[in-house]
Amino acid sequence: MRFRGHGHRRLRPPPPDSKASVDALIDEIRRARLAPDNYRERSLKIHGLVCAKCGRDFSHHDRRLLTVHHKDGNHSNNPPDGSNWENLCVYCHEDEHGRGLTGFDSEEK
Ligand SMILES: [Zn+2]
Ligand SMILES: [Zn+2]
């Protein structure tokens, strides 16, 4: 007749819903892979139709002159929050890459 352990039942709090966030992350990655060009639209949406360098405004008519520059030079690095993107007009973008940083043609169309 021992009563040891009696009353020591610990109720563990349920684990945080980590599965949901992992699923969201996977979904994010999957979408980025399926639509690699989508980052352009995203970047324009996040940062607006304005060149980050010269400040020129663009409308929906000439938005094709606005391109997405990758700050770290890695165009595979497309975080959904847009932290690696910079909207640059084609002139500023060319200028940015004209200093022998990296190949312009491999990045943006
Ligand atoms: Zn510019
Ligand atoms: Zn660039």
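Residues numbered from 1 in each chain as written. Chains lettered and ligands numbered in written order. Predicted model: local features only at pLDDT ≥ 70, side-chain atom pairs only at ≥ 80, totals over all residues.

Some remarks on the confidence of the model for the chain
For clarity, the cut-off: Known as pLDDT, the predictor's per-residue confidence is scaled from 0 to 100. Secondary structure follows DSSP: runs of H or I at least 4 residues long count as helices, runs of E at least 2 residues long count as strands, and numbering of each begins at the N terminus.
The share of residues in the chain with pLDDT of 70 or more is 70%, and the mean pLDDT across the chain is 81. Per-element confidence in the chain ranges from a low mean pLDDT of 70 for helix α1 (residues 18-34) to a high of 97 for strand β2 (residues 85-89).

A few points about helix α2 (residues 38-47)
This is how it is decided: Residues are called buried when their C-beta atom has 20 or more other C-beta atoms within 10 Å, exposed when it has 12 or fewer, and partly exposed otherwise; all C-beta atoms are positioned from the backbone. The arc in question is traced by the directions running from the helix axis to the C-beta atoms. Residue pairs are scored as contacts if the distance between their C-beta atoms, which are placed from the backbone, is within 7 Å.
Those residues of α2 that sit buried are Y39, S43 and L44. Seen along its axis, α2 keeps its buried residues to an arc of 135°; they face one direction. Of the residues in α2, the exposed ones pointing more than 90 degrees away from the buried face are E41 and K45. Of the surrounding elements, those touching the buried residues of α2 are β1 (66-70) and β2.

Section: the environment of C51
By the secondary structure assignment, C51 is in the loop between α2 and β1. Taking C-alpha positions, C51 is 5.4 Å from N87, a pair spaced 36 residues apart along the chain. In this structure, C51 is in contact with R56, L66, N87, L88, C89 and C92, ignoring residues within four places of it in sequence.

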